[in-house]
Amino acid sequence: MKFPYQKEVSELFGEIFRPIVEFEIETKIGWISVLGYIDSGADVTLLPRSFISPLGIKVEEEEIKEVRGIGEGKVPIIIKQVKMKLGNKNFDAKVAIALIEDIPYILGREDVFDQFKICFDQRKKIVHFEVTR
């Protein structure tokens, strides 16, 4: 499977191309399609708060953890197991669901990168996913 980088505008760099992939999450209302940044530096896939209800999740206080990105900012999250689909490959994956809405969709490594051989072709601005299992 090949996914082209998407053109965006950066305050620092102007026009820039970023690796973005479409994947799906199975919820109680059906599969929800997501466009997320492919982030080899992210430990886990990150979804916004709006996924809590469609996944039928009840947030328990003791489940709440925090993640950090660059800098000192922290985002409260809960970790859940979900069914995910990328192309025609279905698999179970741990995801972090943020308890805030204003976060980017991130496709992280945990339970995802093990399913594929992934090649970032920066020059051609394409990411190749090859199923390994």
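Everything discussed here concerns the structure shown above.
This structure is a prediction, so every number in the text was calculated from the model and none was measured.

Peer 1: What should I look at first to understand the nonpolar core in this one?
Peer 2: Soluble globular proteins tend to pack their nonpolar side chains together in the buried interior. Val21, Phe23, Ile25, Met84, Leu86, Leu107 and Phe129 are the most contacted members of the largest nonpolar core, which totals 27 residues. Put simply, the parts of the chain that give this core at least two residues each are strand 4 (20-27), strand 5 (30-38), strand 8 (74-86), strand 9 (89-98) and strand 12 (126-131). Setting aside residues no more than four positions away along its own chain, Val21 makes contact with Phe3, Val34, Leu35, Gly36, Ile38, Leu86, Leu107 and Phe129. In this structure, Ile77, Ala98, Ile103 and Ile106 belong to the second largest nonpolar core, which totals 9 residues.

Peer 1: Help me out: how do you make sense of the pairing of strand 3 (residues 14-18) in this one?
Peer 2: The side chains of a regular strand alternate, first on one face of the sheet and then on the other. In the sheet, strand 2 (residues 6-10) pairs with strand 3 via 5 bridges, with the strands oriented antiparallel. Paired with Glu8 across the two strands is Ile16, which belongs to strand 3. Linkage of strand 2 to strand 3, two consecutive antiparallel strands, is achieved through a turn of 3 residues.

Peer 1: Looking at this structure, I do not really get the side chain of Lys85. What am I missing?
Peer 2: With respect to the element layout, Lys85 can be found in strand 8. In this structure Lys85 is buried but unpaired, with Glu24 as the nearest side chain of opposite charge at 4.2 Å. When neighbours within four sequence positions are excluded, Lys85 is seen to be in contact with Phe23, Glu24, Trp31 and Asn90.

Peer 1: I keep staring at the packing of aromatic side chains and nothing clicks. Help me out?
Peer 2: Each aromatic ring pair is summarised here by two numbers: the centre-to-centre distance and the angle between the ring planes. Taken as a whole and assessed by the stated rule, the structure comprises 4 aromatic pairs. An angle of 90 degrees between the planes, with centres 5.5 Å apart, marks the rings of Phe3 and Phe129 as edge-to-face. Of the two residues, Phe3 is situated in strand 1 (residues 2-4) and Phe129 in strand 12; the sequence distance between them amounts to 126 residues. Accessibility expressed as a relative area gives 14% for Phe3, which makes it buried. Taken together, a centroid distance of 6.3 Å and an interplanar angle of 80 degrees make the contact between Phe51 and Tyr105 edge-to-face. Here Phe51 is found in the loop between strand 6 (45-47) and strand 7 (65-68), whereas its partner Tyr105 is found in the loop between strand 9 and strand 10 (106-107), with 54 residues between them in sequence. Assessed through its relative accessible area of 3%, Phe51 is described here as buried. The structure contains a cluster of three or more aromatic residues connected by ring pairs, namely Phe3, Phe91, Phe116 and Phe129. A cation over an aromatic ring shows up here: Lys85 above the ring of Trp31, its NZ or CZ 4.4 Å from the ring centre.

Peer 1: Whenever I open this one, the pattern of salt bridges confuses me. Can you help?
Peer 2: Pairs can form between side chains of opposite charge whenever their charged atoms are close. Enumeration over the complete set of coordinates arrives at 9 salt bridges. Residue Glu66 pairs with Lys74 through a salt bridge whose shortest N-O separation is 3.9 Å. Classification of Lys74 as partly exposed rests on a relative accessible area of 44%. One salt bridge in this structure joins Lys83 and Asp92, with 2.9 Å as the shortest N-O distance. Accessibility expressed as a relative area gives 44% for Lys83, which makes it partly exposed. Salt bridges sharing common partners tie together Lys94, Glu110 and Asp111.

Conventions used here
- Residues numbered from 1 in each chain as written.
- Predicted model: local features only at pLDDT ≥ 70, side-chain atom pairs only at ≥ 80, totals over all residues.
- Heavy atoms only, no water.
- Core = buried A, V, L, I, M, F, W, Y, C linked by side-chain atoms within 4.5 Å.
- Buried < 20%, exposed > 50% of the residue type's maximum accessible area, 1.4 Å probe, protein only.
- Helix = DSSP H or I, 4+ residues; strand = E, 2+ residues; numbered from the N terminus.
- Contact = heavy atoms within 4.5 Å.
- Pairing = 2+ DSSP bridges.
- Lys, Arg positive; Asp, Glu negative; His and termini not counted.
- Salt bridge = Lys/Arg side-chain N within 4 Å of Asp/Glu carboxyl O.
- Phe/Tyr/Trp six-rings, centres within 6.5 Å; stacked < 30°, edge-to-face > 60°.
- Lys NZ or Arg CZ within 6 Å of the ring centre and 35° of its normal.

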